[in-house]
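# Structural overview
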Amino acid sequence: FNDDRIAPSLRISVSATLIVVVASLLLTALVAYALTVKTVFSFFWYFTTIFSGGLIPYYLVLRDLKLTSSFWLYIIPSLFSFTNFILMRANFSGIPYELRESAQLDGAGEWTILSRIYLPLSKPILATLALFIGVGKWNDWFTAAYYQSQAKLYPAATVLQRLLAEASAGSQVKVGQETAAAGGM
């Protein structure tokens, strides 16, 4: 804890984790609800998950969006996970359609149906996804290590990974020097 990089990295990790958990749950719930009600667009969501451009095109997109030197690198790309969407949509599909119909007959709009019927009945999946998203974001050292260009914006996982690498490299040099000194006797 004597390292000056720890406190700022913890602030970045905590704020990124909290923002991503809340925003990702909201976005995932909205998309899952929309595609549970209107299934005609589901094909387009599924089709785009089949293909991936790879790391280099992903980096080029992040660079062109000016995210590689920004805190938003940790937020914007993490907002939507297709796996979380599938889980949320499966949960929403399990809610009886009659509840939705009944609410519509009583004059409820889509926002009311989502917020007063679907989300309260989905507390277990929301808690599960919040845990998945939170742990994943907290432990994400890869994003900063490969895409962040400013070391002052590294999250705790990346700083700790680098501190361990530095300590390991230092101990290997020390062991090498001790071996050389012992061999010279």
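Residues numbered from 1 in each chain as written. Predicted model: local features only at pLDDT ≥ 70, side-chain atom pairs only at ≥ 80, totals over all residues. Heavy atoms only, no water.

## Some thoughts on the overall build of the chain
Scanning the chain for helices and strands turns up nine helices and zero strands. Along the chain direction, N to C, the helices and strands of the chain fall in the order α-α-α-α-α-α-α-α-α. In terms of C-alpha radius of gyration, the chain reaches 23 Å, well past the compact-globule figure of 16 Å for 185 residues. Dimensions of the chain, computed from the C-alpha atoms along their principal axes, are close to 90 × 35 × 30 Å. When each of the 185 residues of the chain is scored for burial, the buried share is 30%. Taking contacts inside the chain between residues at least 6 apart in sequence as the whole, the part at least 24 apart equals 77%. Looking at the chain as shown, the accessible area adds up to about 11,700 Å², and 67% of this sits on carbon and sulfur atoms. In the chain, 13 positive and 10 negative side-chain charges are present, and the distance between their average locations comes to 4 Å. (Helix = DSSP H or I, 4+ residues; strand = E, 2+ residues; numbered from the N terminus. Rg over C-alpha atoms; globule rule 2.2 N^0.38 Å. Buried < 20%, exposed > 50% of the residue type's maximum accessible area, 1.4 Å probe, protein only. Contact = heavy atoms within 4.5 Å. Areas by Shrake-Rupley, 256 points an atom, 1.4 Å probe, with all protein chains shown as cover. Lys, Arg positive; Asp, Glu negative; His and termini not counted. Charge placed at Lys NZ, Arg CZ, Asp CG, Glu CD.)

## Observations concerning a nonpolar patch on the surface
Residues V40, F41, F43, F44, W45, F47, I50 and F51 make up a contiguous nonpolar surface patch of roughly 900 Å² in combined accessible area. Following the sequence through the fold, F43 ends up in helix α2 (residues 42-48). (Patch = residues over 30% accessible without salt bridge, like charges linked within 9 Å, V, L, I, M, F, W, Y side chains within 5 Å. Salt bridge = Lys/Arg side-chain N within 4 Å of Asp/Glu carboxyl O.)

## Concerning the environment of S13
Note that S13 resides in helix α1 (residues 6-37). Residue S13 is classed as buried on the basis of its relative accessible area of 4%. Along the sequence, S13 and Y97 sit 84 residues apart, while their C-alpha atoms lie 40 Å from each other. Residue contacts for S13: discarding those within four places in its chain leaves W138, P155, A156 and A157.

## Regarding the pattern of salt bridges
Scanning the entire structure with this criterion turns up four salt bridges. The residue E166 makes a salt bridge to R5 at a minimum N-O spacing of 3.3 Å. Highlighted residues: E166 in helix α9 (residues 156-183) and R5 in the segment before α1, separated in sequence by 161 residues. The partner of R63 in a salt bridge is D64, with the nearest N and O atoms 3.4 Å apart.

## Quick look at the layout of surface pockets
What the largest pocket holds in volume is close to 400 Å³. Along its surface, the largest pocket is lined by 15 residues, and F51, S52, Y58, P77 and F80 are the ones closest to its centre. A per-element tally of the lining of the largest pocket places helix α3 (residues 55-64) first, with three residues. Across the lining of the largest pocket, the residue classes tally to 10 nonpolar, five polar and no charged. (1 Å grid on protein atoms, 1.4 Å probe; cavity = no way out; pocket = protein on both sides within 12 Å on 5 of 7 lines; lining within 4 Å. Points joined across faces, edges and corners; volume = space filled by probe spheres on them. Nonpolar A, V, L, I, M, F, W, Y, C, P; charged D, E, K, R; others polar.)

## A few points about the nonpolar core
Of all hydrophobic cores here, the largest spans 34 residues; its most connected members are Y74, M88, F92 and Y118. Put simply, the parts of the chain that give this core at least two residues each are α1, α4 (82-93), α6 (110-121), α7 (123-138) and α8 (142-147). It is α1 that contributes the most residues to this core, 11 residues altogether. Among residues more than four places away in sequence, those in contact with Y74 are I12, A16, V20, K137, T143, A144, Q148, L153, Y154 and P155. (Core = buried A, V, L, I, M, F, W, Y, C linked by side-chain atoms within 4.5 Å.)

## Looking at unusual backbone geometry
Notably, K66 is not glycine yet its phi reads approximately 60°, a positive angle. In this fold, K66 is placed in the loop between α3 and α4. The exposure class assigned to K66 is exposed, which follows from its relative accessible area of 63%.

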